[in-house]
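# Tertiary structure, described
Now for the letters of each chain:
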Amino acid sequence: MTLSLVLSLLALALVRGTPILLASLGGVLSERAGIVNIALEGEMTAGAFAAALISFFTRDPWIGAIGGVAVGAAVGFALGFAATRWRVDQIVAGMGINLICTGGAAFGLIFVFNQAGVTPQVPAINQELWPLVILGIILAAALQWALSRTPIGLRLRACGENPHAARAAGIDPLAVRLYASAIAGALAGLGGVFLALGELNLYSDGMIAGRGFIALAAVIFGRWTPLGAAGVALIFGLLEALQFALQGNIAWLPSDFLQALPYIAALIALLGASGRYRPPAAEGKPYP
Amino acid sequence: MKRESVKAMLVGTLGVVAAMSLAMLASHVSPILGFNAFFYGAFGGKQQIAETLASTTALLFPALGIAIAFRAGLFNIGAEGQLLIGGLLAGWLGTRIDVPPALAIAAIFIAGALGGAMWGAIAGWLKAARGANEVISTLMLNFIAASLALYLVTGPLRAPDAAGPELSLLPHAYWLPTLLSQTRATIALPIALLAALALRYVLDRTWFGYRLRAAGEAPEAARRAGISLSRVALWAMAWSGALAGMGGAALVAGELHRFNTQLSPGYGFIAIAVALVGGLEPLAICVAALAFGALESGGLALQAAAAVPKDAIHVIEGLLVFALAARRYLGAKGVTAQ
């Protein structure tokens with residue numbers, strides 16, 4: 001393999017990995033604050049759809065991107081609100097949000113564009129993808145630092161480990177969880193924006209294709225740390241890129257096997273990772 | 001029923017009606033006409049009721065399976081893959097055997113259960129042996145199941161008469177008998193209801209069910225009492241997968257009459273909502289499955305009659321899940337992620 005081939009493979013890996021990375025950072029943030037985030041898939045869907053929609057009408061992809069992030073944040077806020085103020089079961093609420101977002105986007109396609117399945121082509125930011133890729137990596141490092149080294153990070157982690165102690169220390173766990181969930185939604189929404197306006201220039205039903213759940217896997221594999229999750233997300237990106245590179249080059253390997261490669265690799269990694277995964281202690285538990 | 005849950009259900013129903021009305025108004029359809037079409041589509045005649053029952057059946061099997069895993073504290077989101085592998089094995093066996101129909105149908109269901117159980121047990125084994133998180137493993141196994149099924153039906157198991165990614169048609173004698181003639185409502189529904197009754201008995205009255213619930217509700221206490229959490233994880237996932245796999249067999253023998261990789265339009269995922277709305281109680285899950293089944297078939301009719309897109313129904317289902325989630329007791333029943 002020549003150097004340029006390796007470089008283009010790595011570049012593709014970064015592009016494929018970034019949406020997963022962004023969503024997984026959101027997952028880390030909300031889970032460390034104590035909110036299980038099954039809703040990443042729905043938040044990515046909402047972000048991608050809103051971004052394409054707004055970009056179509058404003059003809060400005062950056063406004064679309066901001067809109068997608070805002071809508072993702074709103075969805076995250078809804079999850080956080082239900083989980084904190086209504087004390088609903090977070091997994092149930094997350095599943096509900098996924099259904100609402102995927103169904104809502106499909107409904108919106110017909111309602112707005114009067115066509116099923118896909119939006120028309122919209123103005124995109126394909127040429128300026130790299131700033132977003134770099135932003136994702138910087139965000140991972142910044143979140144790592146913020147979570148482990150700043151008072152705000154400490155407070156957020158306290159809410160995920162022991163909200164009663166946090167309360168005693170003068171922190172409002174409900175507010176912290178609510179905002180963490182909203183920011184998580186914004187990050188997952190940005191992941192959706194990256195897919196809709198970065199890699200493509202449209203929204204189509206099913207385009208998220210389980211990336212929100214893969215991001216959830218990255219959160220757990222990365223042991224609930226931003227850098228860990230980001231690393232795992234990029235490995236997923238690399239496996240996806242490898243799948244593209246190998247497709248058609250190796251005759252004896254069925255292409256369906258290549259399709260399944262990232263997931264088989266994850267399973268094998270699970271076998272090897274004998275260490276226990278310890279989630280934040282109070283994760284998923286309503287407070288008070 | 002507690003007053004609170006009655007209130008939550010009332011609020012949920014009202015919310016669903018309001019949301020559906022909004023969706024109809026947004027699509028320029030009068031809600032009166034819309035609801036008319038919806039209820040006609042779900043319950044209006046023999047064919048409509050049969051469609052509702054068929055959707056109910058397709059959701060009930062995986063939802064019961066999911067409830068087993070959730071009650072054991074295992075977040076199994078792999079019902080979709082387990083259903084697919086169960087259906088694959090059932091559809092393959094159905095074209096390979098030559099026995100009396102009753103025996104064949106039993107064999108097809110057992111094959112479905114075995115396929116699903118095997119796929120679920122992989123995640124259970126990973127959990128038991130390596131402490132691997134079941135959220136990741138069941139999720140990955142969904143993707144792998146889809147690829148494996150596609151590979152097998154387009155490669156080694158390729159059928160000469162296949163028009164798509166599918167196996168050969170089952171012999172006509174092996175098609176499930178229908179409950180209502182000329183419809184898709186088959187005896188798979190009573191089988192699913194029996195499974196629900198059996199599951200209720202097993203969970204509430206047997207030693208296995210006791211250990212399973214103990215592992216889900218208080219794992220540390222269960223472990224100290226000598227219950228092997230690893231074994232519970234393995235068997236709970238296997239049984240969970242077995243029920244989902246029977247759902248695959250029911251779809252193969254009752255609806256498509258052959259295995260196709262597009263067997264399930266996400267039943268395994270919607271079933272998670274069904275199980276949760278049913279509060280992880282087998283009998284309540286039957287009611288929830290009927291409600292979701294009616295939404296699915298009524299939604300299709302709404303799309304045909306009033307041009308309200310069927311996807312609006314998924315929004316409604318999501319709202320229903322959300323509203324009923326307010327019944328707080330769910331958390332106490334062993335649903336804990338990770």
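For the structure, check the block above.
I will try to describe carefully the structure that is included in this document. Keep in mind it's a predicted model, so treat the numbers as computed, not measured. (Residues numbered from 1 in each chain as written. Chains lettered and ligands numbered in written order. Predicted model: local features only at pLDDT ≥ 70, side-chain atom pairs only at ≥ 80, totals over all residues. Heavy atoms only, no water.)

The subject of this paragraph is the overall build of chain B. Secondary structure summary: chain B contains 13 helices and 0 strands in total. Each helix and strand of chain B, ordered N terminal to C terminal, gives the series α-α-α-α-α-α-α-α-α-α-α-α-α. Taken over C-alpha atoms, the radius of gyration comes to 20 Å for chain B, in line with the 20 Å a tight globule of 338 residues would show. Evaluated residue by residue, chain B yields a buried proportion of 58% over its 338 residues. Long-range pairs, those at least 24 residues apart, make up 75% of the contacts in chain B between residues at least 6 apart in sequence. Of the roughly 13,600 Å² of accessible surface on chain B, 67% is carried by carbon and sulfur atoms. Side chains of chain B give 22 positive and 15 negative charges; the mean places of these two sets differ by 10 Å. (Helix = DSSP H or I, 4+ residues; strand = E, 2+ residues; numbered from the N terminus. Rg over C-alpha atoms; globule rule 2.2 N^0.38 Å. Buried < 20%, exposed > 50% of the residue type's maximum accessible area, 1.4 Å probe, protein only. Contact = heavy atoms within 4.5 Å. Areas by Shrake-Rupley, 256 points an atom, 1.4 Å probe, with all protein chains shown as cover. Lys, Arg positive; Asp, Glu negative; His and termini not counted. Charge placed at Lys NZ, Arg CZ, Asp CG, Glu CD.)

Taken together, the 46 residues of chain B in the interface contact 50 residues of chain A. The contact between chain B and chain A buries some 4,000 Å² in all, and 79% of this surface belongs to carbon and sulfur atoms. On the surface where chain B and chain A come into contact, there are 1 residue pair in polar contact (both at pLDDT 80 or more). For the side of chain B that touches chain A, the secondary structure elements donating two or more residues are helix H1 (3-26), helix H5 (101-130), helix H6 (134-154), helix H11 (267-277) and helix H13 (311-324) of chain B. (Buried area = accessible area lost by both parts, 1.4 Å probe. Polar contact = N/O pair within 3.5 Å; in protein donor to acceptor, adjacent residues only side chain to side chain.)

Moving on to the side chain of Arg177(A). Residues and elements named next belong to chain A. Mapped onto the fold, arginine 177 is located in helix H8 (residues 173-199). Among buried Asp, Glu, Lys and Arg side chains, arginine 177 stands out as unpaired, with aspartate 172 the closest opposite charge at 9.1 Å. Apart from the residues lying within four places of it in its own chain, the contact partners of arginine 177 are Ala33, Gly34, Ile35, Thr84, Gln90, Cys159, Pro163, Ala282, Lys285, Pro286 and Tyr287. (Salt bridge = Lys/Arg side-chain N within 4 Å of Asp/Glu carboxyl O.)

This next bit is on unusual backbone geometry. All names here are of chain A. One non-glycine residue with positive phi stands out, namely arginine 223, at about 50°. Mapped onto the secondary structure, arginine 223 falls in the loop between helix H9 (211-221) and helix H10 (226-246). The phi torsion at tryptophan 224 lies on the positive side, around 60°, for a residue other than glycine. Of note, tryptophan 224 is situated in the loop between H9 and H10. For tryptophan 224, a relative accessible area of 2% translates into the label buried.

All right, on to the packing of aromatic side chains then. Throughout the structure, instances matching the rule amount to 13 aromatic pairs over all chains. On the numbers, 4.1 Å between centres and 15° between planes, the contact of Tyr263(A) with Phe143(B) is stacked. Here the residue Tyr263(A) occupies a position in helix H11 (residues 255-272), and Phe143(B) occupies one in helix H6, the pair thus bridging two chains. Given the relative accessible area of 14%, Tyr263(A) is considered buried. Members of the aromatic cluster, connected to one another through ring pairs, are Phe56(A), Phe57(A) and Phe113(A). Over the aromatic face of Phe56(A) sits the side chain of Arg59(A), whose NZ or CZ is 5.6 Å from the ring centroid. (Phe/Tyr/Trp six-rings, centres within 6.5 Å; stacked < 30°, edge-to-face > 60°. Lys NZ or Arg CZ within 6 Å of the ring centre and 35° of its normal.)

All right, on to the nonpolar core then. One finds Met20(B), Phe109(B), Met140(B), Phe259(B), Val274(B) and Phe292(B) to be the most contacted residues of the largest nonpolar core, which totals 176 residues. Here this core gets 13 residues from one element, more than from any other, and that element is helix H10 (residues 229-256) of chain B. Dropping the residues within four chain positions of it, Met140(B) is found in contact with Ile214(A), Ala217(A), Phe236(A), Tyr263(A), Ala266(A) and Leu267(A). (Core = buried A, V, L, I, M, F, W, Y, C linked by side-chain atoms within 4.5 Å.)

When two helices pack together, their arrangement is captured by the angle between the axes and the distance separating the axes. All names here are of chain B. Closest axis-to-axis distance for the helix H2 (residues 31-43)/helix H12 (residues 282-306) pair is 7 Å, and the angle between their directions is 130°. Classified by the angle between their axes, H2 and H12 sit oblique to one another. Crossing of H2 against H12: the hand is right-handed. On the side of H2, the interface is formed by Gly34, Ala37, Phe38, Gly41, Ala42 and Phe43, while H12 contributes Ala294, Leu295, Ser297, Gly298, Gly299, Ala301, Leu302 and Ala305. Here the contact of H2 with H12 is composed, by residue class, of 9 nonpolar, 5 polar and no charged. (Axes fitted to C-alpha atoms, helices over the stretch in contact; angles between N-to-C directions. Parallel < 35°, antiparallel > 145°, perpendicular 65-115°, else oblique. Left-handed = near helix turned anticlockwise from the far one by under 90°. Nonpolar A, V, L, I, M, F, W, Y, C, P; charged D, E, K, R; others polar.)

This part covers the packing of helix H7 (residues 188-205) of chain B against helix H8 (residues 207-217) of chain B. Residues and elements named next belong to chain B. The N-to-C vectors of H7 and H8 enclose an angle of 70°; their axes lie 5 Å apart at closest approach. Relative to H8, H7 is oriented roughly perpendicular. Residue-level inspection shows Val202, Leu203, Asp204 and Arg205 of H7 in contact with H8, the latter providing Trp207, Phe208, Gly209, Tyr210, Leu212 and Arg213. Taken together, the residues that form the contact of H7 with H8 break down as 6 nonpolar, 1 polar and 3 charged.

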